[in-house]
Number of protein chains: 2
Amino acid sequence: MDVDTRVLRYYVAVAEHLSFTRAAQELFVSQPSLSRQIQRLENEVGAALFVRTGRRVRLTAAGESLLPAARRIVDDWRQAVREVRTAEAARRKLLRIGFVATGAGPLGRRARTAFTSAHPGITVEPKRFDWGGEADALRQGLADAAFVWLPADLSGLHARVVATEARWVALAATHPLAAARDTVSIMDLRDEPLMWTRKAPQEWVDWWAVNPRPDGSAPRWGPENDNVEEMLEHVAAGNAVCLGTESMAGYYTHPELTWRRVTDIEPLRIAVAWPHGRTGPLVRAFVDTVTGLAADHGEPRVSPA
Amino acid sequence: MDVDTRVLRYYVAVAEHLSFTRAAQELFVSQPSLSRQIQRLENEVGAALFVRTGRRVRLTAAGESLLPAARRIVDDWRQAVREVRTAEAARRKLLRIGFVATGAGPLGRRARTAFTSAHPGITVEPKRFDWGGEADALRQGLADAAFVWLPADLSGLHARVVATEARWVALAATHPLAAARDTVSIMDLRDEPLMWTRKAPQEWVDWWAVNPRPDGSAPRWGPENDNVEEMLEHVAAGNAVCLGTESMAGYYTHPELTWRRVTDIEPLRIAVAWPHGRTGPLVRAFVDTVTGLAADHGEPRVSPA
DNA sequence: GACCTTCCATGCCTGAAACGTATGGACGCG
DNA sequence: CGCGTCCATACGTTTCAGGCATGGAAGGTC
């Protein structure tokens, strides 16, 4: 009689991929676990939802008819939670700004101070998320606005690009390249194990890793991590190198770490983003503050993608 | 990010009763467990849903705003599951008839055989439920039609009273009343421990127990049970007596059990019931079969309550 | 036709969470 | 000022989702 929305998400994912294996990868669960959850659900509703015939999976009539309800419930709950979280923040006079690592760098701090002096009653609450988490945080109502690092999934969001930052590479202080060069080329990093994360989609990881490289080769992959601190720990320990932003080179100085500018890869584009739908006046005011500051400093002002 | 519809039902129940204790009773969970679940939910959505101020519970603004979504999701899922179950039964050419204990007695069996000969391709599947479970089974799509023992919660259902049955009492074969009387009065049972169940609502239990008694007294309560078999085991063991129907006196004969007619209490009314909304032609045909047979034998034909 | 790959299901173990019982603590009432 | 009511917390138990290892069936290849 009862279901968890998690199970409904599983069901929708399998229905969309028509594959347990691929759905399990997308959902970050093991394939056996997913199989069992679907079996449980089928048992609960008293009908098979999928026909598994060897290497092909397809929906049964029951599976087709239940699917819209599953999507509806998942979306309904998502939206309801988002609204409650947003309303609660508004009630507490909070403006929650999501970001990753250094966010928009100096622009973020300038925006925060400018906004605070213009709206003295409001507390601006910076909220740090794991790699690729800022955009989801907006969709889940965990932040009111965010500095999103592109590329990112912007569905359900408005976004304006407000800054770009050159990319740098972090090396262990003892790394040969640190001594040899003031700036490096992406091809200098050909054989270096590069950090990656499973928190962000593949597209995001590939963009950061410059995959494929200009010569068509693939990067060598190093350890996985969820956020800046973990990443830099690995780098300082000499297990890998990582790409980051110019701001990160300034913010995360560390005796065992050396930053070098990478000259021949495209810079990071940073957008200020906020969710679709009714947004409070504070969000609009913050976005305007950011875009105003960005324009003053010659940053591009771009329409949403 | 995820919720179980169970938790949403808990939330709705607390919101309706504005009391954790009473909601817990209605939900058949302990009050501490309910408190924990609500806390979890509040933590999940990031806002208090209730204000607990000593002996009074009331909704917060967040609680008010989340409530419609919670109701919507619970109902949505209920309905979706009901439709899938019903469609699956139709696909398998099944007509599932819910009942409790002996259902409508001889009328039920006559209806079944008549229906089966008129619809040879259809399998009629009798489905036995625990006390008070027939009506819920209809709402949950676990049966297509049912013989419902009144009083019952008929919300969401159509119902027609098709039979009445005199009530009898079951006694251990060794019970003094069994030897002394051919029929008994409800007041003869004043001091006998009477069976009861927590599967059915209080109103149902009270009606069966004739509570209050004609003289205003309350029954003496004996052990709890979920269905006929459990009930009669207790009675045969001499732990209690129980009220039942005339059919039960005929169906559940047992060397250690004696049945006696109770002369001075109102008979059981039995309705054939089916869910609101689109129903297949089979359901309608079955209902017509039953009402036709009931009319042939002089049973009342009554509109829904 | 035998082999191999692919993909879902099953068995087994582990960790988290939901439940119940017992108990604490705050408020209202007599 | 005790007493009852009602929600929260503590603790032990059971249930269940998750991962890993493995089985078994379907389809493709040589």
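The preceding data block contains the structure.
Residues numbered from 1 in each chain as written. Chains lettered and ligands numbered in written order. Predicted model: local features only at pLDDT ≥ 70, side-chain atom pairs only at ≥ 80, totals over all residues. Heavy atoms only, no water.

**What to know about the overall build of chain A**
Inclusion rule: Secondary structure elements are taken from DSSP: a helix is a run of H or I of four residues or more, a strand is a run of E of two residues or more, and numbering for both begins at the N terminus. Buried residues are those whose accessible area, probed at 1.4 Å on protein chains only, stays under 20% of the maximum for their type, while exposed residues exceed 50% and partly exposed ones sit between those limits. Residue contacts follow a heavy-atom distance rule, with two residues in contact if any of their heavy atoms lie within 4.5 Å. Per-residue accessibility takes into account occlusion by the displayed protein chains alone, with areas from the Shrake-Rupley method and a 1.4 Å probe.
Scanning chain A from terminus to terminus reveals 11 helices and 13 strands. For chain A, the spread of C-alpha atoms along the three principal axes comes to 65 × 50 × 30 Å. Within the span of chain A, comprising 305 residues, buried residues form 51% of the whole. For chain A, long-range pairs separated by at least 24 residues make up 74% of all intrachain contacts whose partners lie at least 6 apart in sequence. Within the structure as shown, chain A displays about 14400 Å² of accessible surface, and the carbon and sulfur contribution to it stands at 49%.

**Considerations on the nonpolar core**
Soluble globular proteins: nonpolar side chains tend toward being buried together. Heads up, the rule is: Nonpolar cores are built from buried Ala, Val, Leu, Ile, Met, Phe, Trp, Tyr and Cys residues. Side-chain atoms within 4.5 Å join them into one set.
A:Tyr11, A:Phe50, B:Tyr11 and B:Phe50 are the most contacted members of the largest nonpolar core, which totals 66 residues. Those residues within four positions of A:Tyr11 in sequence are excluded, and the remaining contacts are A:Ile38, A:Leu41, A:Leu49, A:Phe50, A:Leu59, A:Ala62, A:Gly63, A:Leu66, A:Leu67 and A:Ala70. B:Trp131, B:Trp149, B:Leu257 and B:Leu293 belong to the second-largest nonpolar core, a separate cluster that totals 61 residues.

**Points about the packing of helix 1 (residues 5-17) of chain B against helix 4 (residues 61-91) of chain B**
Residue and element names in this part refer to chain B. Just so we agree on the cut-off: For helices, the axis comes from a line fit to the C-alpha atoms of the stretch in contact; other axes are also lines fit to C-alpha atoms, and the angle between any two N-to-C directions lies between 0 and 180 degrees. For classification, angles of less than 35 degrees are called roughly parallel, those exceeding 145 degrees roughly antiparallel, those between 65 and 115 degrees roughly perpendicular, and all remaining angles oblique. Crossing handedness is defined as follows: a turn of the near helix away from the far one that is anticlockwise and smaller than a right angle gives a left-handed crossing, while the clockwise case is right-handed. Asp, Glu, Lys and Arg are counted as charged, while Ala, Val, Leu, Ile, Met, Phe, Trp, Tyr, Cys and Pro are counted as nonpolar; the rest, among them Gly, fall into the polar class.
Packing of helix 1 against helix 4 leaves a shortest axis separation of 9 Å and a crossing angle of 130°. When the axes of helix 1 and helix 4 are compared, the pair comes out oblique. Both helix 1 and helix 4 take part in a crossing whose hand is left-handed. Here Thr5, Leu8, Arg9, Tyr11, Val12, Ala15 and Glu16 of helix 1 lie close against helix 4, whose contacting residues are Ala62, Gly63, Leu66, Leu67, Ala70, Arg71, Ile73, Val74, Trp77 and Arg78. In terms of residue class, the contact of helix 1 with helix 4 is made up of 11 nonpolar, 2 polar and 4 charged.

**So, the pattern of salt bridges**
Quick reminder of the rule: By definition here, a salt bridge exists when the distance from a side-chain nitrogen of Lys or Arg to a carboxyl oxygen of Asp or Glu is within 4 Å.
Across all of its chains, the model carries 32 salt bridges over all chains by this definition. One salt bridge in this structure joins A:Glu44 and B:Arg85, with 4.0 Å as the shortest N-O distance. Note that A:Glu44 is positioned in helix 3 (residues 31-45) and B:Arg85 in helix 4, a pairing that runs across two chains. Residues joined by salt bridges that share partners form a network here, namely A:Asp136, A:Arg139 and A:Asp153.

Without other data, these values stay purely geometric and don't point to any function.
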